[in-house]
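Chain and residue survey
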Amino acid sequence: MSRRSLLRGAAVGAGAVTLPALLTACGGGPGGDGKTITLGSNSSDPIPKKAFAEAFNAYAAQSDGRKVKVNTVDHNTFQENINRYLQGKPDDVFMWFAGNRMQFFAEKGLLHDISDNWQGYKGFSAALKAQSTGADGKQYLTPYYYYPWAVFHRKSLFTERGYQVPKTLDEYVALAKQMKKDKLDPIAFCDKDGWPAMGTFDYINMRTNGYEFHKSLMAGEEAWTDKRVREVFDTWRRLLPYCQQGANGRTWQEAATSLQKRDAGMAVFGLPHPGAQFPKTEQEDLDFFPFPVINPEHGQDAVEAPIDGFLLAKKSKNLKNKKSLESAKDLLKWLATGKAEDIYLKSDPNNIAVNDQADTSHYSAIQKKAVDLVSGAKQISQFMDRDTRPDFSSTVMIPAIQKFISSPNDVDGLVNDIERQKKSIFTSD
């Protein structure tokens, strides 16, 4: 499957740092001289941080004296404070997400229009362009990579124990029961960071009710009190006995490490998450399978494959300078090339290039499998906290899901509370 066919034809949806430190560390550095480009990064983990540094250094080496000053902030801190960051003193360029999460800030006038850049971009599909486009029809994002969510496991553990990849929910539960008998935590599970468990909700929802319902629910067009939503939580409640206990106190790194240490048998994650916790010598033992079928009508049609990229902050004081704006756009033009993605992926093999012109010949077996998974999807979602409003995902859904994990029996009270808050937020504009 060529890179051009990927993401084409699929219906695409969409050490903590304190807030004062976030707002002062980012956007306040040297810039405005047309040569120094400040960049706010949420890639605080070692592997992507190193990979991005190599990409930015490569840009500096081929540019006419330009350089990139990176301000890195813990991923969760950056994500939870992005609204105040963009309205405060943001960097010139910042890393963020495609789809609704980008469109939301575009509508608020917090992003620079880069439609002129897109006129020269090559190697991006129409679907990628759509995910980089605001409600006004203008482009605001330069996509860089994507990664699918699936159920990850160790190949050797499955071989040693004779485990078979489950195709249906019943088979998934049966496998989890066997793992429990074998003294494993069947499903590594975490939600201290607030977002990891959203992937499980999305998959149960899309497998039960289909992608179109997921899209409408995230857009605030469906009631959370609908029996279809209750069914999602009821199904999830069936799985909770096989998940690691104490999830609200466990980080994603800790959950992924339990998979790596063979304490847990499976984990619902995005490709970079377990990949970052497996040593290089064990990378080939990491494998995945699509989230199991629940409703045959929807099968395994939908795949969560979030797209990450780069944007320009409208309120950057440096971008008021024409030369600085030209430099920032020049950086994005370079990041949009296959060559730039090749440099990044050489050091971070846990993501997939979005540009058709990137070199995929060096891809590992799991990267090739990830490409096949997304290429074969009938619909592609962007993940809950990207397919809906950021204020709804952060202020309502994070605490709601954490509450469900700790007290899963009051589904009626949970969905009623979500619906009440949803109405308030989606009608506030």
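Residues numbered from 1 in each chain as written. Predicted model: local features only at pLDDT ≥ 70, side-chain atom pairs only at ≥ 80, totals over all residues. Heavy atoms only, no water.

This next bit is on the sheet that holds strand β8 (residues 264-270). Spatially, β7-β8-β6-β9 is the arrangement adopted by the 4 strands of the open sheet, whose pairing is mixed. Every interior strand has two partners, whereas the edge strands, β7 (185-188) and β9 (286-289), have only one. Between one strand axis and the next, the sheet turns by 30° as a mean value, whatever way the strands run. Strand contacts of helix α10 (residues 196-209): β6 (149-154) and β8, with the helix running at about 110° to β6, the strand carrying the most contacts. Contacts from helix α13 (residues 252-260) reach β6, β7, β8 and β9 within the one sheet, and its direction differs from that of β8 by about 135°. (Pairing = 2+ DSSP bridges. Helix = DSSP H or I, 4+ residues; strand = E, 2+ residues; numbered from the N terminus. Axes fitted to C-alpha atoms, helices over the stretch in contact; angles between N-to-C directions. Contact = heavy atoms within 4.5 Å.)

Here we come to the pattern of salt bridges. Inspection of every chain in the model, using the stated rule, returns 18 salt bridges. The closest approach of N and O atoms between R230 and D412, which form a salt bridge, is 2.1 Å. Within this pair, whereas R230 is found in helix α12 (residues 227-239), its partner D412 is found in helix α20 (residues 411-426), the two being separated by 182 residues in sequence. One salt bridge connects R386 with D308, and the closest N-O pair in it is separated by 2.6 Å. Taken together, the residues R386 in helix α18 (residues 384-387) and D308 in strand β11 (residues 307-312) connect sequence positions 78 residues apart. Residue R386 shares its accessibility class with D308, and that shared class is buried. (Salt bridge = Lys/Arg side-chain N within 4 Å of Asp/Glu carboxyl O. Buried < 20%, exposed > 50% of the residue type's maximum accessible area, 1.4 Å probe, protein only.)

Among the secondary structure elements, N321 is positioned in the loop between β11 and α15 (322-335). Along the chain, N321 and D372 lie 51 residues apart, while their C-alpha atoms are 44 Å from each other.

Let's shift gears to α20. Spanning 16 residues, α20 covers 22 Å between terminal C-alpha atoms, matching the ideal 22 Å at 1.5 Å per step. Turning to α20, its buried residues are V411, L414, V415, I418, E419, K422 and I425. An end-on view of α20 places all buried positions within 130° of arc, on one side of the element. Pointing more than 90 degrees away from the buried face of α20 are the exposed residues R420 and K423. (Expected span 1.5 Å × (residues − 1). Arc of directions from axis to C-beta.)

The buried fraction of helix α11 (residues 211-218) is high, at 6 of 8 residues. Residues of α11 that are buried include every one of Y211, F213, H214, S216, L217 and M218, and no others. The first or second residue beyond α11 is G220, which carries a positive phi of 80°.

What follows is about the side chain of Q283. Here Q283 shows up in the loop between α14 (272-277) and β9. Looking at Q283, its side chain comes within polar contact range of the main-chain oxygen of F278, at 2.7 Å. Beyond its immediate chain neighbours, meaning those up to four positions away, Q283 contacts G275, F278 and N350. (Polar contact = N/O pair within 3.5 Å; in protein donor to acceptor, adjacent residues only side chain to side chain.)

Once that is clear, we can look at unusual backbone geometry. Only a minority of non-glycine residues have a phi that is not negative, and only a minority of peptide bonds are not trans. Positive phi is not limited to glycine here, since K183 has a value of about 70°. Considering the arrangement of structural elements, one finds K183 in the loop between α9 (169-181) and β7. Positive phi, close to 70°, is recorded for R262, a residue that is not glycine. Looking at the secondary structure, you find R262 in the loop between α13 and β8.

Confidence along the protein averages 90 in pLDDT terms, with 92% of residues attaining 70 or more. Between residues 1-28, whose pLDDT stays under 50, and residues either more than four places distant or in other chains, the model counts 81 contacts. (pLDDT = per-residue confidence, 0-100.)

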